[in-house]
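# Summary of structural features
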Amino acid sequence: MDTTASLPIALGRLYFAAQALAGAAWWVFVFAAPFVRTATLGDLDPALVAMLDVPLFVVASALAVLPGRAGRIAALVATAWTLLVTSALAVYATVTGLAGWGVVAMFAATTCSVLALFLLWLGRVPTDWLLVGPFAFRRARPRRTPIAHVVATTAQIVVFWGLFLVVFPLVIWVLEKRWGLAAPVPAWVTLVGAAVVLGASALGLASAAAITVKGDGTPLPSAMPNRLVIAGPYRWVRNPMALAGIAQGVGVGLILQSWLVVVYALAGSLVWNYAIRPHEEADLEASFGDDYRRYRDEVRCWIPGRRRHTAKAPLART
(Lines give C-alpha, C1' and ligand atoms only; values in the text may rest on other atoms or scores of the structure.)
Protein backbone atom coordinates (compact mmCIF):
# COMPACT_ATOMS: atom_id res chain seq x y z
CA MET A 1 0.00 0.00 0.00
CA ASP A 2 1.21 3.48 -0.84
CA THR A 3 1.30 5.08 2.60
CA THR A 4 2.12 8.49 1.11
CA ALA A 5 -1.08 8.44 -0.95
CA SER A 6 -3.21 7.06 1.90
CA LEU A 7 -2.07 9.60 4.51
CA PRO A 8 -4.16 12.54 3.16
CA ILE A 9 -7.23 10.28 3.02
CA ALA A 10 -6.62 9.15 6.59
CA LEU A 11 -6.30 12.78 7.70
CA GLY A 12 -9.57 13.63 5.95
CA ARG A 13 -11.36 10.79 7.70
CA LEU A 14 -9.82 11.76 11.01
CA TYR A 15 -11.14 15.29 10.65
CA PHE A 16 -14.68 14.17 9.88
CA ALA A 17 -14.58 11.78 12.85
CA ALA A 18 -13.51 14.65 15.11
CA GLN A 19 -16.21 16.86 13.58
CA ALA A 20 -18.87 14.23 14.31
CA LEU A 21 -17.79 14.06 17.96
CA ALA A 22 -17.62 17.85 18.26
CA GLY A 23 -21.04 18.21 16.64
CA ALA A 24 -22.58 15.66 18.98
CA ALA A 25 -21.01 17.37 22.00
CA TRP A 26 -22.25 20.76 20.80
CA TRP A 27 -25.83 19.50 20.57
CA VAL A 28 -25.59 18.14 24.12
CA PHE A 29 -24.52 21.59 25.33
CA VAL A 30 -27.22 23.29 23.25
CA PHE A 31 -29.93 21.42 25.16
CA ALA A 32 -28.13 21.42 28.50
CA ALA A 33 -26.74 24.97 28.66
CA PRO A 34 -29.03 27.90 27.72
CA PHE A 35 -26.11 30.31 27.19
CA VAL A 36 -24.61 27.98 24.55
CA ARG A 37 -27.98 27.75 22.81
CA THR A 38 -28.41 31.53 22.82
CA ALA A 39 -24.84 32.27 21.68
CA THR A 40 -24.91 29.84 18.78
CA LEU A 41 -28.55 29.58 17.72
CA GLY A 42 -30.13 32.79 18.96
CA ASP A 43 -33.92 32.43 19.04
CA LEU A 44 -34.01 29.50 16.60
CA ASP A 45 -35.89 26.42 17.78
CA PRO A 46 -33.11 23.92 18.67
CA ALA A 47 -35.37 20.89 18.28
CA LEU A 48 -36.31 21.92 14.74
CA VAL A 49 -32.72 22.64 13.77
CA ALA A 50 -31.54 19.35 15.31
CA MET A 51 -33.97 17.36 13.19
CA LEU A 52 -31.92 18.35 10.13
CA ASP A 53 -28.49 19.04 11.56
CA VAL A 54 -27.98 15.81 13.48
CA PRO A 55 -28.42 13.50 10.46
CA LEU A 56 -26.86 15.83 7.85
CA PHE A 57 -23.95 17.10 9.95
CA VAL A 58 -23.23 14.78 12.86
CA VAL A 59 -24.22 11.45 11.32
CA ALA A 60 -22.93 12.31 7.84
CA SER A 61 -19.57 13.37 9.33
CA ALA A 62 -19.39 10.06 11.22
CA LEU A 63 -20.19 8.08 8.05
CA ALA A 64 -17.42 9.95 6.19
CA VAL A 65 -14.89 7.68 7.91
CA LEU A 66 -16.18 4.73 5.89
CA PRO A 67 -13.86 3.55 3.11
CA GLY A 68 -14.64 3.97 -0.55
CA ARG A 69 -17.43 5.84 -2.29
CA ALA A 70 -19.84 5.66 0.66
CA GLY A 71 -17.50 7.66 2.87
CA ARG A 72 -16.81 10.23 0.14
CA ILE A 73 -20.53 10.76 -0.50
CA ALA A 74 -21.18 11.18 3.23
CA ALA A 75 -18.36 13.74 3.41
CA LEU A 76 -19.88 15.60 0.47
CA VAL A 77 -23.29 15.68 2.17
CA ALA A 78 -21.80 16.92 5.46
CA THR A 79 -19.78 19.62 3.71
CA ALA A 80 -22.67 20.82 1.56
CA TRP A 81 -24.91 21.02 4.62
CA THR A 82 -22.24 22.90 6.55
CA LEU A 83 -21.94 25.44 3.74
CA LEU A 84 -25.71 25.90 3.66
CA VAL A 85 -26.03 26.30 7.43
CA THR A 86 -23.13 28.76 7.59
CA SER A 87 -24.67 30.94 4.88
CA ALA A 88 -28.16 30.84 6.40
CA LEU A 89 -26.87 31.47 9.93
CA ALA A 90 -24.78 34.44 8.71
CA VAL A 91 -27.89 36.01 7.17
CA TYR A 92 -29.91 35.31 10.32
CA ALA A 93 -27.21 36.80 12.58
CA THR A 94 -26.87 39.89 10.38
CA VAL A 95 -30.61 40.53 10.39
CA THR A 96 -31.25 39.80 14.08
CA GLY A 97 -27.89 40.48 15.75
CA LEU A 98 -28.09 37.02 17.36
CA ALA A 99 -26.12 33.74 17.05
CA GLY A 100 -22.83 35.42 16.18
CA TRP A 101 -20.74 32.73 17.82
CA GLY A 102 -22.64 30.14 15.83
CA VAL A 103 -21.55 31.84 12.60
CA VAL A 104 -17.91 31.84 13.69
CA ALA A 105 -18.04 28.18 14.68
CA MET A 106 -19.77 27.15 11.46
CA PHE A 107 -17.40 29.18 9.31
CA ALA A 108 -14.47 27.32 10.89
CA ALA A 109 -16.28 24.00 10.36
CA THR A 110 -16.98 24.87 6.73
CA THR A 111 -13.36 25.75 6.00
CA CYS A 112 -12.05 22.56 7.59
CA SER A 113 -14.77 20.42 5.99
CA VAL A 114 -13.91 21.70 2.51
CA LEU A 115 -10.22 20.95 3.06
CA ALA A 116 -10.98 17.46 4.40
CA LEU A 117 -13.35 16.83 1.49
CA PHE A 118 -10.55 17.59 -0.96
CA LEU A 119 -8.31 15.12 0.87
CA LEU A 120 -10.93 12.38 0.59
CA TRP A 121 -11.84 12.99 -3.05
CA LEU A 122 -8.52 14.14 -4.54
CA GLY A 123 -5.92 12.99 -2.02
CA ARG A 124 -4.64 16.58 -1.79
CA VAL A 125 -5.73 20.18 -1.36
CA PRO A 126 -5.62 21.69 -4.87
CA THR A 127 -3.83 24.92 -4.00
CA ASP A 128 -2.89 25.35 -7.66
CA TRP A 129 -6.52 26.30 -8.27
CA LEU A 130 -5.73 29.62 -6.60
CA LEU A 131 -3.16 30.51 -9.26
CA VAL A 132 -5.53 32.06 -11.76
CA GLY A 133 -6.01 35.54 -13.20
CA PRO A 134 -3.76 38.10 -11.50
CA PHE A 135 -2.35 35.35 -9.26
CA ALA A 136 -1.05 33.16 -12.11
CA PHE A 137 2.74 33.22 -12.27
CA ARG A 138 4.03 35.02 -15.36
CA ARG A 139 7.02 37.25 -15.99
CA ALA A 140 6.44 40.93 -16.61
CA ARG A 141 7.10 42.34 -20.05
CA PRO A 142 10.73 43.59 -20.00
CA ARG A 143 11.08 47.38 -20.11
CA ARG A 144 14.00 49.65 -20.92
CA THR A 145 13.07 51.91 -18.03
CA PRO A 146 11.10 51.08 -14.87
CA ILE A 147 8.52 53.81 -15.41
CA ALA A 148 5.79 51.47 -16.71
CA HIS A 149 6.45 49.03 -13.86
CA VAL A 150 6.32 51.88 -11.32
CA VAL A 151 2.91 52.93 -12.64
CA ALA A 152 1.63 49.31 -12.60
CA THR A 153 2.98 48.73 -9.09
CA THR A 154 1.36 51.91 -7.81
CA ALA A 155 -1.99 50.83 -9.24
CA GLN A 156 -1.59 47.38 -7.69
CA ILE A 157 -0.86 48.88 -4.27
CA VAL A 158 -3.92 51.14 -4.44
CA VAL A 159 -6.24 48.30 -5.49
CA PHE A 160 -4.95 45.52 -3.24
CA TRP A 161 -4.31 47.64 -0.17
CA GLY A 162 -7.72 49.26 -0.66
CA LEU A 163 -9.47 45.88 -0.82
CA PHE A 164 -7.53 43.82 1.72
CA LEU A 165 -6.69 46.57 4.22
CA VAL A 166 -9.75 48.82 3.99
CA VAL A 167 -12.84 47.27 2.39
CA PHE A 168 -12.62 43.71 3.73
CA PRO A 169 -11.58 44.72 7.29
CA LEU A 170 -14.39 47.28 7.47
CA VAL A 171 -16.94 44.67 6.40
CA ILE A 172 -15.60 42.25 9.02
CA TRP A 173 -15.62 45.00 11.67
CA VAL A 174 -19.24 45.92 10.93
CA LEU A 175 -20.32 42.26 11.04
CA GLU A 176 -18.40 41.67 14.26
CA LYS A 177 -20.32 44.47 15.92
CA ARG A 178 -23.64 43.43 14.41
CA TRP A 179 -23.15 39.83 15.54
CA GLY A 180 -22.34 40.93 19.09
CA LEU A 181 -18.78 39.65 19.02
CA ALA A 182 -16.88 42.86 19.71
CA ALA A 183 -14.65 42.79 22.78
CA PRO A 184 -13.58 45.92 24.70
CA VAL A 185 -9.86 46.71 24.53
CA PRO A 186 -7.73 49.56 25.91
CA ALA A 187 -7.58 52.75 23.84
CA TRP A 188 -3.78 52.51 23.49
CA VAL A 189 -4.25 49.43 21.28
CA THR A 190 -5.34 51.77 18.49
CA LEU A 191 -2.08 53.70 18.75
CA VAL A 192 -0.09 50.48 18.61
CA GLY A 193 -2.04 49.44 15.54
CA ALA A 194 -1.32 52.75 13.81
CA ALA A 195 2.40 52.36 14.50
CA VAL A 196 2.35 48.79 13.15
CA VAL A 197 0.52 49.88 9.98
CA LEU A 198 2.97 52.72 9.34
CA GLY A 199 6.04 50.53 9.86
CA ALA A 200 4.64 47.66 7.80
CA SER A 201 3.57 50.01 5.02
CA ALA A 202 7.08 51.45 4.83
CA LEU A 203 8.44 47.91 4.54
CA GLY A 204 5.91 47.07 1.82
CA LEU A 205 6.70 50.20 -0.19
CA ALA A 206 10.46 49.61 0.08
CA SER A 207 9.98 46.01 -1.08
CA ALA A 208 7.79 47.08 -4.00
CA ALA A 209 10.39 49.67 -5.02
CA ALA A 210 13.15 47.05 -5.01
CA ILE A 211 11.11 44.69 -7.19
CA THR A 212 10.09 47.45 -9.60
CA VAL A 213 13.46 49.13 -10.04
CA LYS A 214 15.87 46.21 -9.60
CA GLY A 215 13.77 43.31 -10.82
CA ASP A 216 12.20 44.75 -13.98
CA GLY A 217 8.73 43.70 -12.89
CA THR A 218 5.98 44.23 -10.31
CA PRO A 219 4.91 42.51 -7.07
CA LEU A 220 1.85 40.99 -8.80
CA PRO A 221 2.33 37.29 -9.66
CA SER A 222 1.06 37.83 -13.21
CA ALA A 223 3.82 40.43 -13.82
CA MET A 224 6.70 39.02 -11.79
CA PRO A 225 10.27 40.40 -11.90
CA ASN A 226 12.55 39.25 -14.69
CA ARG A 227 15.59 39.33 -12.41
CA LEU A 228 16.15 37.81 -8.97
CA VAL A 229 15.94 40.66 -6.47
CA ILE A 230 18.36 40.61 -3.54
CA ALA A 231 18.23 44.29 -2.72
CA GLY A 232 16.51 46.47 -0.14
CA PRO A 233 14.48 44.43 2.39
CA TYR A 234 15.14 41.28 0.33
CA ARG A 235 18.67 41.24 1.71
CA TRP A 236 17.28 40.42 5.14
CA VAL A 237 14.14 38.35 4.55
CA ARG A 238 12.85 36.44 1.52
CA ASN A 239 9.23 37.57 1.72
CA PRO A 240 9.17 41.14 2.99
CA MET A 241 6.00 42.06 1.10
CA ALA A 242 4.07 39.14 2.56
CA LEU A 243 5.45 39.97 6.00
CA ALA A 244 4.40 43.60 5.53
CA GLY A 245 0.91 42.62 4.38
CA ILE A 246 0.31 40.38 7.38
CA ALA A 247 1.56 43.04 9.79
CA GLN A 248 -0.60 45.66 8.07
CA GLY A 249 -3.67 43.46 8.48
CA VAL A 250 -2.95 42.90 12.16
CA GLY A 251 -2.35 46.62 12.60
CA VAL A 252 -5.67 47.48 10.95
CA GLY A 253 -7.37 45.02 13.29
CA LEU A 254 -5.79 46.78 16.27
CA ILE A 255 -6.85 50.19 14.97
CA LEU A 256 -10.43 48.95 14.58
CA GLN A 257 -10.17 47.09 17.90
CA SER A 258 -11.43 44.03 16.06
CA TRP A 259 -10.18 40.60 16.99
CA LEU A 260 -11.90 39.14 13.94
CA VAL A 261 -9.84 41.38 11.64
CA VAL A 262 -6.69 40.20 13.40
CA VAL A 263 -7.81 36.59 12.83
CA TYR A 264 -8.52 37.47 9.18
CA ALA A 265 -4.95 38.74 8.78
CA LEU A 266 -3.41 35.71 10.47
CA ALA A 267 -5.58 33.35 8.42
CA GLY A 268 -4.34 35.12 5.31
CA SER A 269 -0.78 34.42 6.40
CA LEU A 270 -1.56 30.70 6.63
CA VAL A 271 -3.11 30.72 3.16
CA TRP A 272 -0.11 32.50 1.72
CA ASN A 273 2.47 30.34 3.51
CA TYR A 274 0.93 26.94 2.79
CA ALA A 275 -1.00 27.51 -0.45
CA ILE A 276 0.86 30.21 -2.40
CA ARG A 277 4.47 30.23 -1.20
CA PRO A 278 5.36 26.65 -2.28
CA HIS A 279 4.24 27.42 -5.84
CA GLU A 280 6.03 30.77 -5.87
CA GLU A 281 9.28 29.27 -4.63
CA ALA A 282 9.07 26.45 -7.17
CA ASP A 283 8.60 29.05 -9.91
CA LEU A 284 11.56 31.09 -8.66
CA GLU A 285 13.76 28.00 -8.53
CA ALA A 286 12.76 27.02 -12.06
CA SER A 287 13.45 30.56 -13.31
CA PHE A 288 16.66 31.42 -11.47
CA GLY A 289 18.15 28.02 -10.63
CA ASP A 290 21.27 27.99 -8.46
CA ASP A 291 21.10 31.72 -7.74
CA TYR A 292 17.72 31.31 -6.07
CA ARG A 293 18.72 28.12 -4.25
CA ARG A 294 21.75 29.90 -2.72
CA TYR A 295 19.57 32.86 -1.79
CA ARG A 296 16.99 30.53 -0.20
CA ASP A 297 19.71 28.84 1.84
CA GLU A 298 21.19 32.12 3.07
CA VAL A 299 18.09 34.25 3.81
CA ARG A 300 15.22 33.23 6.06
CA CYS A 301 11.64 33.16 4.83
CA TRP A 302 9.88 35.03 7.64
CA ILE A 303 12.35 36.19 10.29
CA PRO A 304 14.60 39.08 9.20
CA GLY A 305 18.26 38.65 10.02
CA ARG A 306 21.79 38.66 8.73
CA ARG A 307 22.65 36.51 5.76
CA ARG A 308 23.73 32.97 6.63
CA HIS A 309 26.66 32.69 4.24
CA THR A 310 27.28 29.29 2.72
CA ALA A 311 30.41 27.80 1.23
CA LYS A 312 28.99 28.16 -2.27
CA ALA A 313 29.77 30.90 -4.76
CA PRO A 314 28.45 34.34 -3.79
CA LEU A 315 25.15 35.48 -5.14
CA ALA A 316 24.98 37.96 -7.96
CA ARG A 317 23.23 41.08 -6.69
CA THR A 318 20.75 43.05 -8.75
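See the structure shown above.
What comes next concerns the included structure. (Residues numbered from 1 in each chain as written. Predicted model: local features only at pLDDT ≥ 70, side-chain atom pairs only at ≥ 80, totals over all residues. Heavy atoms only, no water.)

Next up on the list: the nonpolar core. By size, the foremost hydrophobic cluster in this structure holds 25 residues, and its most contacted members are W27, V30, L89, V103, W179, V252 and V261. For this core, the secondary-structure elements that each account for two or more residues are α1 (3-32), α2 (34-41), α3 (46-63), α4 (68-96), α5 (100-122), α6 (147-178) and α9 (259-298). Counting 19 residues, the second largest nonpolar core, distinct from the first, contains F137, I230, A231 and Y292. (Core = buried A, V, L, I, M, F, W, Y, C linked by side-chain atoms within 4.5 Å. Buried < 20%, exposed > 50% of the residue type's maximum accessible area, 1.4 Å probe, protein only. Helix = DSSP H or I, 4+ residues; strand = E, 2+ residues; numbered from the N terminus.)

What follows covers the environment of R293. Examined against the element boundaries, R293 turns out to sit in helix α9. In the structure, R293 is positioned 12 residues away from E281 in sequence and 9.5 Å away in space, judged by C-alpha atoms. Of note is the side chain of R293, whose polar atom sits 2.5 Å from the side chain of D290. (Polar contact = N/O pair within 3.5 Å; in protein donor to acceptor, adjacent residues only side chain to side chain.)

So, about the packing of aromatic side chains. Each aromatic ring pair is described using two quantities: the centre-to-centre distance and the angle formed by the ring planes. Throughout the structure, instances matching the rule amount to 10 aromatic pairs. Between F164 and F168, the aromatic rings sit 5.3 Å apart at their centres with planes inclined by 85°, giving edge-to-face as the arrangement. On the criterion of helical spacing, the pair formed by F164 and F168 is a turn pair, its members being 4 residues apart in helix α6. Given the relative accessible area of 35%, F164 is considered partly exposed. (Phe/Tyr/Trp six-rings, centres within 6.5 Å; stacked < 30°, edge-to-face > 60°.)

Glancing now at the packing of α3 against α4. Two elements in contact, α3 and α4, have axes separated by 8 Å at closest approach and are oriented at 140°. Taken together, the axis directions place α3 and α4 in an arrangement best described as oblique. Crossing handedness for the pair α3 and α4: left-handed. For the pair formed by α3 and α4, the contact residues are L52, D53, L56, F57, A60, S61 and L63 on the first element and G71, A74, V77, A78, W81, T82 and V85 on the second. Here the residues of the contact of α3 with α4 sort into 10 nonpolar, 3 polar and 1 charged. (Axes fitted to C-alpha atoms, helices over the stretch in contact; angles between N-to-C directions. Parallel < 35°, antiparallel > 145°, perpendicular 65-115°, else oblique. Left-handed = near helix turned anticlockwise from the far one by under 90°. Contact = heavy atoms within 4.5 Å. Nonpolar A, V, L, I, M, F, W, Y, C, P; charged D, E, K, R; others polar.)

Next up on the list: the side chain of T86. Along the polypeptide, T86 turns up in helix α4. One polar contact links the side chain of T86 to the main-chain carbonyl oxygen of M106, over a distance of 3.1 Å. Setting aside its immediate chain neighbours within four residues, T86 contacts M106, F107 and T110.

Positionally, R238 belongs in the loop between α7 (188-215) and α8 (240-255). A distance of 3.0 Å separates polar atoms of two side chains, one belonging to R238 and the other to E281. Setting aside residues no more than four positions away along its own chain, R238 makes contact with R277, E281, Y292, Y295, R296, V299, R300 and C301.

This paragraph deals with the environment of A74. Note that A74 resides in helix α4. In this structure the C-alpha to C-alpha distance between A74 and V59, which are 15 residues apart in sequence, comes to 8.7 Å. When sequence neighbours within four positions are dropped, the list of residues in contact with A74 reads A60, L63 and A64.

Our focus in this paragraph is the pattern of salt bridges. For the structure on display, the rule yields 8 salt bridges. Measuring nitrogen to oxygen at the nearest pair gives 3.0 Å for the salt bridge that ties E281 to R238. Residue E281 is found in helix α9, and its partner R238 is found in the loop between α7 and α8; the two are separated by 43 residues along the sequence. You can call R238 buried: its relative accessible area is 12%. Residue D290 pairs with R293 through a salt bridge whose shortest N-O separation is 2.5 Å. Residue D290 and its partner R293 are located together in helix α9, separated by 3 residues, close to a single helical turn. When its relative accessible area of 27% is taken as the criterion, R293 is described as partly exposed. (Salt bridge = Lys/Arg side-chain N within 4 Å of Asp/Glu carboxyl O.)

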